[in-house]
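# Working through the structure, step by step
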Amino acid sequence: MNPHPDTMPAVAYRTSLPIDDPAGLEDLVQPVPEPGPHDLLVRVEAIAVNPVDYKVRQNADPGGAPRVLGWDAAGTVVAVGEQVTLFRPGDDVYYAGALDRPGANSRFHAVDERLVGPKPATLSFTEAAALPLTSLTAWEGLFERLGLRHGDLEQTGTLLVTAAAGGVGSIATQLARTLTGLTVVGTASRPESVEFARRMGAHHVIDHHRPLVEQLADVAPGGIDHVFGTAGTDRNLAAYAEALNPFGQIVAIDDFDTLEIGALKAKSISFHWEFMYTRSMFRTPDQATQHRILAQVARLVDAGLITTTATRDLGPINSANLREAHRLLESGTAIGKTTLTGWALEAKARPAAGSARGL
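### Describing the overall build of the protein
A tally of regular secondary structure across the protein gives 10 helices and 16 strands. Here the protein has a C-alpha radius of gyration of 21 Å; the compact-globule value for 359 residues is 21 Å, and the two agree. Sorting the 359 residues of the protein into buried and exposed places 55% on the buried side. Across the protein, the fraction of contacts at a sequence separation of at least 24, relative to all contacts at a separation of at least 6, is 72%. Approximately 14700 Å² of the protein is accessible, and the part contributed by carbon and sulfur atoms is 52%. Looking at the protein, you have 31 positive and 41 negative side-chain charges, and the mean spots of the two groups are 2 Å apart.

Next up, the structure:
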């Protein structure tokens, strides 16, 4: 007998609606997916919510067909595809997955093993679910796009991380503080977010609602060398161009329509994009790099060098709680990561006969 039923509870949306509309996210029962050759079938125990969830919900109308969101999950492998080599049933895992496949807001989820890491042993499923998407984004941004050398504590300079109390900002701050010798300057505006950014490892915290150049001159009189832009890159670009030293670098993850990039020419400042779905979306040959990054982050967590950024758990995974999570993120006031744990709406379904390969 397979260790899972043939149907499962899931949360999906059918059309782009405001999040206060009860139909904005709905509870559904769907078939349990069949894992492909490189896939794991994961029993999802906890999820986290990211801005990508509400951005997709707002801007990608599925035209009445249910679409499941969710790109942060932790759970247990229950079945594997025929070409899987990295995991086996019973392994606890965490991952962000792929934007162009169904998300993890479902009891069971199929995900390519090359995008999955072993769950940190010292964390609960809830604590682990907060980490994958932001850890991958921060790691790729810092060590691939900006080219910082992880583990080189003699590497000097100053890194500015905007919205350092947010999901990506809080893990980027931790990684930079732990794995480099850089001075980390974070931005935050409220007392509670300033305190959180400092707890994540920022040496200095400045207010992103006030002019940046003067504040940066106070805390980094020698100028800054790198910017990790999580928000406001377009409106802050002139300030970055002034504050950055010659040959400085910017990596950005936020969305905007235009950017006055010419302001960077005089100092030969480099601009980079970071989009952690690029590898999965384009099926690049190095997709397994994300497996290795998540495994390394798990080791750092278990060594006590990195901590979870989970700050608020809204209870079981269902449409009402997910609507509240989306509402919180849309408000722009969330600190760290918002999670949901467990399932209140388990599907009443009979066990499937041969619904997954690899068993």
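### Here we look at the sheet that holds strand β14 (residues 270-273)
The 6 strands are arranged β11-β10-β9-β12-β13-β14 in an open sheet whose pairing can be described as parallel. Of all the strands in the sheet, just β11 (204-206) and β14 have a single pairing partner and so form its edges. Taken pair by pair, the neighbouring strands of this sheet meet at an average axis angle of 20°, ignoring direction. One ladder, built from 3 bridges, connects strand β9 (residues 158-161) with strand β12 (residues 224-229); its direction is parallel. Bridge pairing links L160 to V227 in β12. Against the sheet, helix α3 (residues 132-145) engages β9, β12, β13 (244-252) and β14, with an angle of about 150° to β12. Packing of helix α7 (residues 233-243) onto the sheet brings it into contact with β9, β12, β13 and β14, and relative to β13 it is tilted by some 160°.

### Quick notes on the pattern of salt bridges
Using the criterion set out here, one finds 18 salt bridges in the structure. We note a salt bridge from R43 to E45, for which the minimum N-O separation is 3.0 Å. For E45, a relative accessible area of 17% puts it in the buried group. A salt bridge links R114 to D112; the shortest N-O distance between them is 2.7 Å.

### Details of the side chain of Q249
With respect to the helices, strands and loops of the structure, Q249 is situated in strand β13. At 3.0 Å, the side chain of Q249 forms a polar contact with the side chain of H272. Among residues more than four places away in sequence, those in contact with Q249 are R145, L146, D225, H226, V227, L244, I269, S270 and H272.

### Some words on the nonpolar core
In globular proteins that are soluble, nonpolar side chains generally tend to be buried together. Ranked by size, the top nonpolar core spans 73 residues in total, and within it L40, Y95, L142 and L175 carry the most contacts. Discounting chain neighbours no more than four positions away, the residues touching L175 are S135, A138, W139, L142, F143, T180, L300 and I306. Judged by nonpolar contacts, the second largest core, of 17 residues, contains A220, V227, A241 and L264.

### Points about a nonpolar patch on the surface
Residues F275, M281 and F282 make up a contiguous nonpolar surface patch of roughly 310 Å² in combined accessible area. Its place among the elements puts M281 in helix α8 (residues 278-281).

### Looking at the environment of Y277
Its place among the elements puts Y277 in the loop between β14 and α8. Along the primary structure Y277 and Q287 are separated by 10 residues, whereas in three dimensions their C-alpha atoms are 9.8 Å apart. Beyond its immediate stretch of four places on either side in the chain, Y277 contacts V52, W71, G97, A98, L99 and L133.

### Remarks on helix α10 (residues 319-331)
The first and last C-alpha atoms of α10 sit 18 Å apart over 13 residues, in line with the 18 Å expected at 1.5 Å per residue. Among the residues of α10, S319, N321, L322, R323, A325, H326, L328 and L329 are the ones counted as buried. On the buried face of α10, the contacting elements are β1 (7-13), β2 (26-31), β3 (39-49), α1 (51-59), β15 (310-313) and β16 (337-341). By the N-cap criterion, in which a side-chain oxygen at the helix start approaches the backbone nitrogen of a residue two or three places on, α10 is capped by N318, the distance to A320 being 3.3 Å.

### Digging into the layout of surface pockets
One number sums up the size of the largest pocket: a volume of about 1300 Å³. In terms of lining, the largest pocket is formed by 46 residues, of which the most central are P51, K55, T230, A231 and I253. Taken together, the elements giving at least two residues each to the lining of the largest pocket come down to α1, α3, α4 (167-179), α7 and β16. Considering each element in turn, the lining of the largest pocket owes the most residues, 5 residues, to α1. Of the residues in the lining of the largest pocket, the class split is 20 nonpolar, 19 polar and 7 charged.

### Examining the packing of aromatic side chains
What the rule picks out here adds up to 4 aromatic pairs. Between the aromatic rings of W139 and F143, the centroid separation amounts to 4.9 Å while the plane-to-plane angle is 70°, which identifies the pairing as edge-to-face. In this pair, W139 and F143 both sit in helix α3, 4 residues apart, roughly one turn of the helix. Arranged with centres 5.5 Å apart and planes meeting at 90°, the rings of F271 and W273 form a pair that is edge-to-face.

### Focus: the sheet that holds strand β4 (residues 67-68)
The strands making up a sheet associate through hydrogen bonds between their backbones, and the pairing can be parallel or antiparallel. Here we have 3 strands laid out as an open sheet, ordered β2-β1-β4, and antiparallel in their pairing. Strands with a single pairing partner mark the edges of an open sheet, and in this sheet they are β2 and β4. Of the pairings in the sheet, the one linking β1 to β4 comprises 2 bridges and is antiparallel in character. Residue pairing in the sheet places A12 in a bridge with V68 of β4.

What counts as what
Residues numbered from 1 in each chain as written. Predicted model: local features only at pLDDT ≥ 70, side-chain atom pairs only at ≥ 80, totals over all residues. Heavy atoms only, no water. Helix = DSSP H or I, 4+ residues; strand = E, 2+ residues; numbered from the N terminus. Rg over C-alpha atoms; globule rule 2.2 N^0.38 Å. Buried < 20%, exposed > 50% of the residue type's maximum accessible area, 1.4 Å probe, protein only. Contact = heavy atoms within 4.5 Å. Areas by Shrake-Rupley, 256 points an atom, 1.4 Å probe, with all protein chains shown as cover. Lys, Arg positive; Asp, Glu negative; His and termini not counted. Charge placed at Lys NZ, Arg CZ, Asp CG, Glu CD. Pairing = 2+ DSSP bridges. Axes fitted to C-alpha atoms, helices over the stretch in contact; angles between N-to-C directions. Salt bridge = Lys/Arg side-chain N within 4 Å of Asp/Glu carboxyl O. Polar contact = N/O pair within 3.5 Å; in protein donor to acceptor, adjacent residues only side chain to side chain. Core = buried A, V, L, I, M, F, W, Y, C linked by side-chain atoms within 4.5 Å. Patch = residues over 30% accessible without salt bridge, like charges linked within 9 Å, V, L, I, M, F, W, Y side chains within 5 Å. Expected span 1.5 Å × (residues − 1). 1 Å grid on protein atoms, 1.4 Å probe; cavity = no way out; pocket = protein on both sides within 12 Å on 5 of 7 lines; lining within 4 Å. Points joined across faces, edges and corners; volume = space filled by probe spheres on them. Nonpolar A, V, L, I, M, F, W, Y, C, P; charged D, E, K, R; others polar. Phe/Tyr/Trp six-rings, centres within 6.5 Å; stacked < 30°, edge-to-face > 60°.

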